[in-house]
Amino acid sequence: MSTYDFDTPVDRRGTSSVQWDGVADRFGVDGLLPFTISDMDFASPPEVLAALQERLAHGVFGYTDWRYGDFLPAIRHWYATRYDTDLDPGKIVYGPSVLNQLSQLLRMWTVPGDGIVVHTPTYDGFTKAISGLGRELRGVPVGDEAALERELARPDSKVLLLCSPHNPTGKVWTDAELTAFARLAERYGTAVISDEIHADFVHDGRRHLPWTRYGSGRWAVITSGSKAFNFPALTGSYGIIGDPDDRSAYLRRMETGEGLASPAALSLTAHIAAYRQGAGWLDEVRAYTAGNLAMVADRLGEAFPALGWQPPEAGYLAWIDLRPLGVDDEALQRELVDTEKVAIMRGSVYGADGFVRLNVGCPRAKAEAGVDALVRALRRLKG
């Protein structure tokens, strides 16, 4: 029996929500039922909310330092209990967001024109960060080992940027794959940055393996509890940087050049509560969203057996390959927006035409409405 209620909707409209209030910015129409940006429609764990309320009641919000208090011990506890990993807290750094950390590391380790190797399809935040810094994104298809080595072998390919688990496909990298990545990075002198923000949402039967187990040479993990426990608006993330000189350079850059010495106090509070008390909630929300994904598989399988769609290994994002149906992407979007009144991300956002990404981190009834709208739209286009 569930301890937590994930079925009762929470009205997010009027909260400056990108998914709900900002839907017209991407789709041109207000009032659509959204299945878009990767946050969930669930309230954060009550244990986190209670800790935040206690911190708010204190009433003083002066400058803070992430190195004081229980932030670092809580992260170490989480890695020990969740990933059987003894994490050295001296290697941990703080950042306002995972993408900000990525930008800082790319500025440290590369120069404009350098190549950044990324698996495709690619999270659009990576694309924006790499292109915005004047670096060249060098995409290699997930699973194409020959293409990966070919790109890493180029003298100006300076960083292998992993998404672990992978967004948008939901793939969880195996020990053999991560070992192969590490060997290639060492062979070609390539730094590795592993974005592990989806790590806590790996589903039963698979296991996330932190890059801390594989890193040698120049490497960093960038991550946050905000994805799993649904508090990205509080900002805040942390990284693990292998080399002490690189850590010092990163901290110096953040505290002086970027002026980010003081972290968001409520983010520290939320992380500590999540990592100390939130494991039960996380296990239940993973199971609930796994049920949503199984429902998507059942309804797509019944309507279009040719798709053969299976749930991802991690996350709550259904990455659906519609190419076997031969439907036009633009026509499908018109049907979804104009007729069904739903907002579903098209695969081209991630560099993959013929796909859609459906966010089912939401109550079951909403997830059902989304997949049913997709099925109806596809049936009309198929005639």
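Residues numbered from 1 in each chain as written. Predicted model: local features only at pLDDT ≥ 70, side-chain atom pairs only at ≥ 80, totals over all residues. Heavy atoms only, no water.

1. Details of the side chain of Arg357
Piece 1. Take Arg357: it is sitting in strand E11 (residues 355–359).
Piece 2. With no salt bridge to any partner, buried Arg357 finds its closest opposite charge in Asp124, at an N-O distance of 5.6 Å.
Piece 3. For Arg357, the side chain forms a polar contact with the side chain of Tyr350, separated by 3.2 Å.
Piece 4. The contact partners of Arg357, leaving out residues within four places of it in the chain, are Phe35, Thr36, Ile37, Ser38, Asn167, Pro168, Leu317, Ala318, Trp319, Ile344, Met345 and Tyr350. (Helix = DSSP H or I, 4+ residues; strand = E, 2+ residues; numbered from the N terminus. Buried < 20%, exposed > 50% of the residue type's maximum accessible area, 1.4 Å probe, protein only. Lys, Arg positive; Asp, Glu negative; His and termini not counted. Salt bridge = Lys/Arg side-chain N within 4 Å of Asp/Glu carboxyl O. Polar contact = N/O pair within 3.5 Å; in protein donor to acceptor, adjacent residues only side chain to side chain. Contact = heavy atoms within 4.5 Å.)

2. What about the sheet that holds strand E9 (residues 317–321)?
Piece 1. Taken in spatial order, the four strands line up as E1-E10-E11-E9 in an open sheet, and their pairing is mixed. Across the chains shown, the open sheet's two edge strands, defined by having one partner strand only, are strand E1 (33–35) and E9. Here the average twist between neighbouring strands, direction ignored, is 30°.
Piece 2. The pairing of E9 with E11 spans five bridges and is classified as antiparallel. Its bridge partner being in E11, Ile320 is matched across the sheet by Val356. (Pairing = 2+ DSSP bridges. Axes fitted to C-alpha atoms, helices over the stretch in contact; angles between N-to-C directions.)

3. Remarks on the environment of Val356
Piece 1. Inspection of the secondary structure puts Val356 in strand E11.
Piece 2. Using a relative accessible area of 1% as the deciding quantity, one classes Val356 as buried.
Piece 3. For the pair Val356 and Lys341, spaced 15 residues apart in the sequence, the C-alpha separation amounts to 16 Å.
Piece 4. When near neighbours in sequence (up to four residues on either side) are disregarded, Val356 contacts Ala318, Trp319, Ile320, Leu322, Leu332, Ile344, Met345, Arg346, Gly347 and Leu374.

4. Here's the deal with the packing of aromatic side chains
Piece 1. Summed over all chains, the structure comprises 19 aromatic pairs.
Piece 2. Note on Tyr238 and Tyr275: the rings are 6.3 Å apart at their centroids and 90° apart in plane angle, and the pair reads as edge-to-face. Within this pair, whereas Tyr238 is found in strand E8 (residues 237–241), its partner Tyr275 is found in helix H10 (residues 265–277), the two being separated by 37 residues in sequence.
Piece 3. For Tyr238, a relative accessible area of 1% puts it in the buried group.
Piece 4. According to the relative accessible area criterion, Tyr275 is buried, its value standing at 2%. (Phe/Tyr/Trp six-rings, centres within 6.5 Å; stacked < 30°, edge-to-face > 60°.)

5. Notes on the pattern of salt bridges
Piece 1. Evaluation of the coordinates by the stated rule reveals 26 salt bridges.
Piece 2. The shortest N-O distance in the salt bridge between Glu255 and Arg67 comes to 3.1 Å. With Glu255 in helix H9 (residues 244–257) and Arg67 in the loop between helix H2 (46–58) and helix H3 (71–83), this pair connects stretches of sequence that are 188 residues apart.
Piece 3. A relative accessible area of 30% places Glu255 in the partly exposed class.
Piece 4. Where Lys171 meets Glu177, a salt bridge forms, and the shortest distance between an N and an O atom there is 3.1 Å.

6. As for the packing of H3 against H10
Piece 1. Remark: H3 packs on H10, axes separated minimally by 9 Å, with the N-to-C direction vectors making an angle of 30°. Both H3 and H10 take part in a crossing whose hand is left-handed. Within the contact between the two elements, H3 uses Phe71, Pro73, Ala74, Ile75, His77 and Trp78 and H10 uses Leu268, His271, Ile272, Ala274, Tyr275 and Arg276.
Piece 2. Grouping the constituent residues of the contact of H3 with H10 by class yields nine nonpolar, two polar and one charged. (Left-handed = near helix turned anticlockwise from the far one by under 90°. Nonpolar A, V, L, I, M, F, W, Y, C, P; charged D, E, K, R; others polar.)

7. Here's the deal with the nonpolar core
Piece 1. If you look at the biggest cluster of nonpolar residues, it comprises 55 residues, and the most contacted ones within it are Trp211 and Phe229.
Piece 2. No other element matches the seven residues that H3 contributes to this core.
Piece 3. Not counting residues up to four positions away in its chain, the partners in contact with Phe229 are Ser44, Pro45, Trp78, Asp200, Ala274, Tyr275, Gly278, Trp281 and Leu282.
Piece 4. If you look at the next biggest cluster of nonpolar residues, it comprises 30 residues, including Leu293, Val296, Ala297 and Trp309. (Core = buried A, V, L, I, M, F, W, Y, C linked by side-chain atoms within 4.5 Å.)

8. Quick notes on the sheet that holds strand E2 (residues 92–95)
Piece 1. Here seven strands make up an open sheet; going across it, the order is E2-E8-E7-E6-E5-E3-E4 and the pairing mixed. Edge positions in the sheet fall to E2 and strand E4 (136–141), since each of these pairs with one other strand and no more. Strand-to-strand twist in this sheet, taken as the mean axis angle between neighbours without regard to direction, amounts to 25°.
Piece 2. When strand E6 (residues 191–195) meets strand E7 (residues 219–223), the two strands line up parallel, connected through four bridges. Residue pairing for E7: Ser194 is matched across the bridge by Val221.
Piece 3. H3 contacts E2, E7 and E8 of the sheet and is inclined by roughly 70° relative to E8.

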